[in-house]
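Single-letter residue listing:
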Amino acid sequence: QVQLVESGGGLVQAGGSLRLSCAASGTIFSIRSVSWYRQAPGKQRDLVATITTRGSTNYADSVKGRFTISRDNAKNTVYLQMNSLKPEDTAVYYCTAGAMYGSTYSPDYWGQGTQVTVSS
């Protein structure tokens, strides 16, 4: 059974930085694309960033230039470095492992989520 465990969330002031980590049981990240999603209260869950097995990355327009997704297959871990954080980045962030169908990502496995709160 695949388990994804996020960590690194917390409370930060606007303009600050956080790095989220997602640790996987087993070596699933070496054979799966990985994405981070986020969901703010009362809003839909949105795709934030994706990294494919080849290392290609894609970002939501709202985080381009501020967030960076990376992977360390040897550690079975994916990271989301978040800089220049804004109050509107406040959300529960979820790590997922899935597959690319053309240019579309489809998640198969989800972590439990980690809360990120950005104060103004």
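Everything quoted here is computed from the prediction, not taken from an experiment.

Caption draft 1: How the structure looks around unusual backbone geometry. In this model, Asn76 sits at a positive phi of 50 degrees, which is unusual for a non-glycine residue. With respect to the helices, strands and loops of the structure, Asn76 is situated in the loop between strand E7 (67–72) and strand E8 (77–82). The buried category is assigned to Asn76, whose relative accessible area is 17%.

Caption draft 2: Structural detail: the pattern of salt bridges. Here the structure, examined in full by the defined rule, presents 4 salt bridges. Measuring nitrogen to oxygen at the nearest pair gives 2.5 Å for the salt bridge that ties Asp108 to Arg32. Here the residue Asp108 occupies a position in strand E10 (residues 104–110), and Arg32 occupies one in the loop between strand E3 (18–24) and strand E4 (33–39), the gap between them amounting to 76 residues. Note that Arg66 and Asp89 form a salt bridge whose closest N and O atoms lie 2.7 Å from each other. With a gap of 23 residues between them, Arg66 in the loop between strand E6 (57–59) and E7 and Asp89 in the loop between E8 and strand E9 (91–101) connect regions that are remote in the sequence. Here Arg66 and Asp89 have matching classes, each one buried. One salt-bridge network, in which partners are shared between bridges, spans Arg38, Arg66 and Asp89.

Caption draft 3: Focus on the pairing of E8. Of all the 6 residues making up E8, 5 are buried; the element is thus mostly covered by neighbouring parts of the structure. With 6 bridges joining them, E7 and E8 adopt antiparallel strand pairing. Within E8, the residue paired with Arg71 across the bridge is Val78. Linking two consecutive strands that pair antiparallel, namely E7 and E8, is a turn of 4 residues; a positive phi of about 50 degrees is found at Asn76 within it.

Caption draft 4: Representation of the nonpolar core in the model. Counting 28 residues, the largest nonpolar core has Phe29, Trp36, Leu80, Met82 and Tyr93 as its most contacted members. Of all the elements in the fold, those that place two or more residues in this core are E3, E4, strand E5 (45–51), E7, E8, E9 and strand E11 (114–119). Leu80 has contacts with Leu18, Arg19, Leu20, Trp36, Val48, Ala49, Phe67, Thr68, Ile69 and Tyr93, leaving out every residue within four places of it along the chain.

Caption draft 5: Quick peek at the sheet that holds E8. An order of E1-E3-E8-E7 is seen for the 4 strands of this open sheet, with the pairing classed as antiparallel. The outermost strands of the open sheet, each flanked by one partner alone, are strand E1 (4–7) and E7. Taking the axes of each pair of neighbouring strands and ignoring which way they run, one obtains an average angle of 15 degrees across the sheet.

The rules we used
Residues numbered from 1 in each chain as written. Predicted model: local features only at pLDDT ≥ 70, side-chain atom pairs only at ≥ 80, totals over all residues. Heavy atoms only, no water. Helix = DSSP H or I, 4+ residues; strand = E, 2+ residues; numbered from the N terminus. Buried < 20%, exposed > 50% of the residue type's maximum accessible area, 1.4 Å probe, protein only. Salt bridge = Lys/Arg side-chain N within 4 Å of Asp/Glu carboxyl O. Pairing = 2+ DSSP bridges. Core = buried A, V, L, I, M, F, W, Y, C linked by side-chain atoms within 4.5 Å. Contact = heavy atoms within 4.5 Å. Axes fitted to C-alpha atoms, helices over the stretch in contact; angles between N-to-C directions.

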